[in-house]
Each structure stands twice: as structure tokens, then as C-alpha cells.
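Results of the structural survey
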Amino acid sequence: MAGKKVTVVIAQSPGKNPAKRHLEESIAAALLLEPEVEVSLVPHLNDLTPDHSGMLFLKSVRGDMVLLSWLFPRAARWILDRNSVKGHAGVSLIKSSAEDDEEVDEEDAEPQSDTEAARRPNAVGAWDVPNRRIYCVDLRDNAAPDVYLDEIRRIARESSVQTVDLMGWIKGNPAPQQLERYLNPAGGASGPGTAPAAGLAMNAPLMVADEPARRRWYPVIDYSRCTNCMECIDFCLFGVYGVDAAERILVEQQDNCKKGCPACSRVCPENAIIFPEHKTAAIAGSEIGSVAGFKIDLSKLFGAPTAIEQAVLERDHELVADGRDAVGMSVGVPKRRSNQPQSRDALDDLMDGLDDLDL
């Protein structure tokens with residue numbers, strides 16, 4: 001019995017950049033000829049609301065999935081998780097230009113999600129993850145369609161091997177419907193003969209979610225790093241954050257977030273809050289330069305605001321724009337960082353060394 005096809009979803013760029021459109025269309029056209037994959041197009045991932053037809057389609061996919069988007073993979077993964085599109089993080093072998101520039105070790109360049117629980121025992125972690133893989137790939141990593149096509153073919157082969165292994169593990173001679181329950185435990189997968197989700201147009205084997213989506217700005221929590229310290233809910237004064245029934249922090253009212261303001265991300269001690277559209281890579285979800293628990297703010301060397309001071313300035317700006325009073329450092333700033341003496345670190349030694357030079 002043939003294995004299930006891998007679903008490839010291309011989340012399109014929010015603009016009309018001709019080079020980006022050409023890359024998306026080239027990949028989609030080539031994948032239509034690939035027998036092991038099914039390809040779909042949805043609008044920009046960050047702009048999809050929970051009830052958008054594109055997100056409904058993503059929720060309908062039950063097997064392995066490759067998501068190509070114009071976002072960092074960590075941001076894309078946790079946007080999906082927030083919308084109950086869950087799976088174990090698949091490892092992509094495509095290297096980004098940032099990794100080439102930084103000469104990152106292979107181990108550090110790999111997505112850490114599958115092993116985060118072991119490395120960070122205090123992290124909340126993802127809940128209710130089904131037995132399938134989601135590969136999030138950044139379309140900014142390379143301008144050549146063949147790079148992505150080769151990687152998708154590799155993933156399809158890997159997924160096929162996993163299916164064969166599963167079939168060997170099941171004893172006896174299962175009926176097709178029994179095997180389907182193993183491969184697709186939640187049911188409802190899209191595929192040949194399955195009606196597309198509402199609002200989707202079928203064009204041969206290509207699924208297209210053409211419902212318009214407006215631009216959005218909101219935070220996404222990386223639960224592989226989040227320790228549920230609640231500093232974000234204390235700091236944010238706009239009602240963005242809340243807690244669920246298990247007292248886990250969540251983004252409750254994402255549309256209350258002020259466009260362009262990443263202040264809560266700056267105060268998060270684990271770098272667990274992502275703003276996928278922010279121009280700073282570490283805030284937007286890059287693995288490079290966003291190591292949890294290790295923040296060195298070199299702006300201190302030049303008299304610029306620290307991360308917390310910058311966050312307070314950004315929050316006060318939005319408070320005043322709302323007709324409210326600025327509160328400065330008096331509200332929501334962790335006392336352990338604002339009032340208590342900090343232990344010395346490498347940055348302190350570096351600054352003392354510069355003072356000794358008497359420049």
C-alpha cells in the first residue's frame with residue numbers, strides 16, 4: 001500500500017514583489033508534477049485569522065506537512081501551534097544566508113524544538129502534539145527554486161520510509177481503514193476525493209485559498225522556551241495576555257497589541273515572545289542571536305537604552321497614544337532586574353576594561 005503524500009503549503013508573501021511571486025509560482029508549478037506531494041497556496045501566514053479559509057485548510061492537514069513561508073521557521077511553527085496546527089518539528093537541511101555568514105555549527109543550526117523539553121526542563125512545552133512532522137522553511141533562505149524542490153523530495157522520501165516502518169510495526173494484515181487510523185488518527189485529512197475547506201478553490205491538484213487577508217501584528221509565544229514566569233502579562237498594559245484553564249500564559253486578545261510595539265518581547269527573560277514581522281531578527285524568531293537566558297546588550301557600551309529601558313519607552317509611547325498616562329519603570333518591570341544588584345558577567349568585565357584604557 002502506498003504511503004500518504006506529503007502536503008506542501010506555500011504561504012505567500014504579503015506584498016506583490018515580483019521576485020518573491022516568481023519563486024512561489026516556480027515551486028508550485030514544479031510540485032504539481034511530483035507524485036509524492038500535494039501542493040497548496042495560502043496567504044501570508046502571519047495574516048491568517050483562525051477562521052480564514054487558509055488556516056482552516058492548514059488545520060485539515062493530518063499527515064506530514066512542509067510549510068514554505070516568508071518567516072523564520074521558529075515563528076512559523078509557533079503561529080501554527082497557536083492555531084492548533086501541531087506536529088513535531090521536522091529538520092530542514094536548507095541553510096540560511098544568516099547561518100552561512102555566522103558560520104554556525106551544524107548542531108546549533110538545527111531546529112531545537114524536538115529536544116527543548118530535555119534541554120529546558122522548566123519550559124512549558126507544546127501540548128497534545130500528534131505523531132506527525134511539520135517542516136517550516138523560510139523562503140528567504142535561497143532564491144533558487146531547485147533548492148526547495150530538492151529538500152521537499154528528500155522530506156517526501158523520509159516520510160515514505162516512516163510510513164513503511166509503521167506498516168511493518170503493525171502486526172497482522174490490517175484493513176485499509178485500520179491503517180488509515182494509524183496514519184491519520186484525527187481523521188478528516190484532505191486528499192483525492194475529499195471536499196476542500198470552505199472558501200478554497202480547486203485548480204487541478206493545486207489547492208488555493210484566495211480569501212483576502214489583512215495585515216496583522218501580534219506576539220507569538222514559543223512554549224519550548226517559555227517558563228510561565230508571567231513577566232509579559234505584568235508588563236503589558238493593553239490586555240493582550242491571559243491564562244488558560246491550566247494557568248498557562250497565552251496571547252488572549254492579540255488584536256489589542258499595538259502595531260509596531262515589541263516591548264513585551266524585550267522584557268521576556270527567555271526570548272520566548274516572537275513578533276514575526278519585526279525588523280530585528282532576534283525578535284522576529286531567528287535562532288541566530290536569540291539564545292534564551294543569554295542577553296548581552298552591547299548598546300550599553302554606547303549609552304543607548306537597555307532592553308528594558310527601550311521596552312518601557314515603547315510602552316509609554318503607546319499609552320500616551322491611547323490617551324493614558326505614561327508609567328515608566330513603576331509598573332510591570334521585574335524587581336529582580338530593576339532594583340536588585342546584578343551579578344557580574346562578561347559584559348561588566350568588558351566595560352571595566354574599556355574604562356581602564358582611559359579612551
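Here the structure is a predicted model, which means the values were calculated and not measured. (Residues numbered from 1 in each chain as written. Predicted model: local features only at pLDDT ≥ 70, side-chain atom pairs only at ≥ 80, totals over all residues. Heavy atoms only, no water.)

Turning to helix α2 (residues 53–60), a few remarks are in order. By the criterion of burial, α2 is predominantly enclosed, with 6 of the 8 residues buried. What α2 keeps buried is the set S53, G54, M55, F57, L58 and S60. (Buried < 20%, exposed > 50% of the residue type's maximum accessible area, 1.4 Å probe, protein only. Helix = DSSP H or I, 4+ residues; strand = E, 2+ residues; numbered from the N terminus.)

Another aspect to go through is the pattern of salt bridges. Evaluation of the coordinates by the stated rule reveals 17 salt bridges. Between R153 and D150 there is a salt bridge; the shortest N-O distance is 2.9 Å. In this pair, R153 and D150 are both assigned in helix α7 (residues 145–169), 3 residues apart and thus about one turn of the helix distant. Looking at D150, the relative accessible area reads 46%, which means it is partly exposed. Put simply, R216 and D255 hold a salt bridge, and the shortest N to O gap is 3.4 Å. With a gap of 39 residues between them, R216 in the loop between β7 (206–209) and β8 (220–221) and D255 in the loop between β10 (249–251) and α10 (263–267) connect regions that are remote in the sequence. (Salt bridge = Lys/Arg side-chain N within 4 Å of Asp/Glu carboxyl O.)

Residues spaced three or four apart along an α-helix point in a common direction, a consequence of the helix completing one turn every 3.6 residues. For helix α3 (residues 73–82), the tally of buried residues reaches 8 of 10 residues, placing the bulk of the element in the interior. The inward-facing, buried residues of α3 abut α2, β3 (65–69), β5 (133–138), β8, β11 (273–274) and α11 (281–284). Of the residues flanking the end of α3, it is S84, one or two places downstream, whose phi is positive at about 65°. (Contact = heavy atoms within 4.5 Å.)

Considering all chains together, one arrives at 2 aromatic pairs under this definition. Here the aromatic rings of W78 and Y223 are separated by 6.0 Å at their centres, their planes lie at 70°, and the arrangement is edge-to-face. With a gap of 145 residues between them, W78 in helix α3 and Y223 in the loop between β8 and α9 (231–235) connect regions that are remote in the sequence. The pair formed by W78 and Y223 is uniform in burial state, with each residue classed as buried. Taken together, a centroid distance of 5.1 Å and an interplanar angle of 25° make the contact between W217 and F275 stacked. One end of the pair, W217, is in the loop between β7 and β8; the other, F275, is in the loop between β11 and α11, and 58 residues separate them in sequence. Relative accessible area serves as the criterion here: at 1%, F275 is assigned to the buried category. Positioned above the aromatic ring of Y223 is the side chain of R248, whose terminal nitrogen or guanidinium carbon lies 4.0 Å from the ring centre. (Phe/Tyr/Trp six-rings, centres within 6.5 Å; stacked < 30°, edge-to-face > 60°. Lys NZ or Arg CZ within 6 Å of the ring centre and 35° of its normal.)

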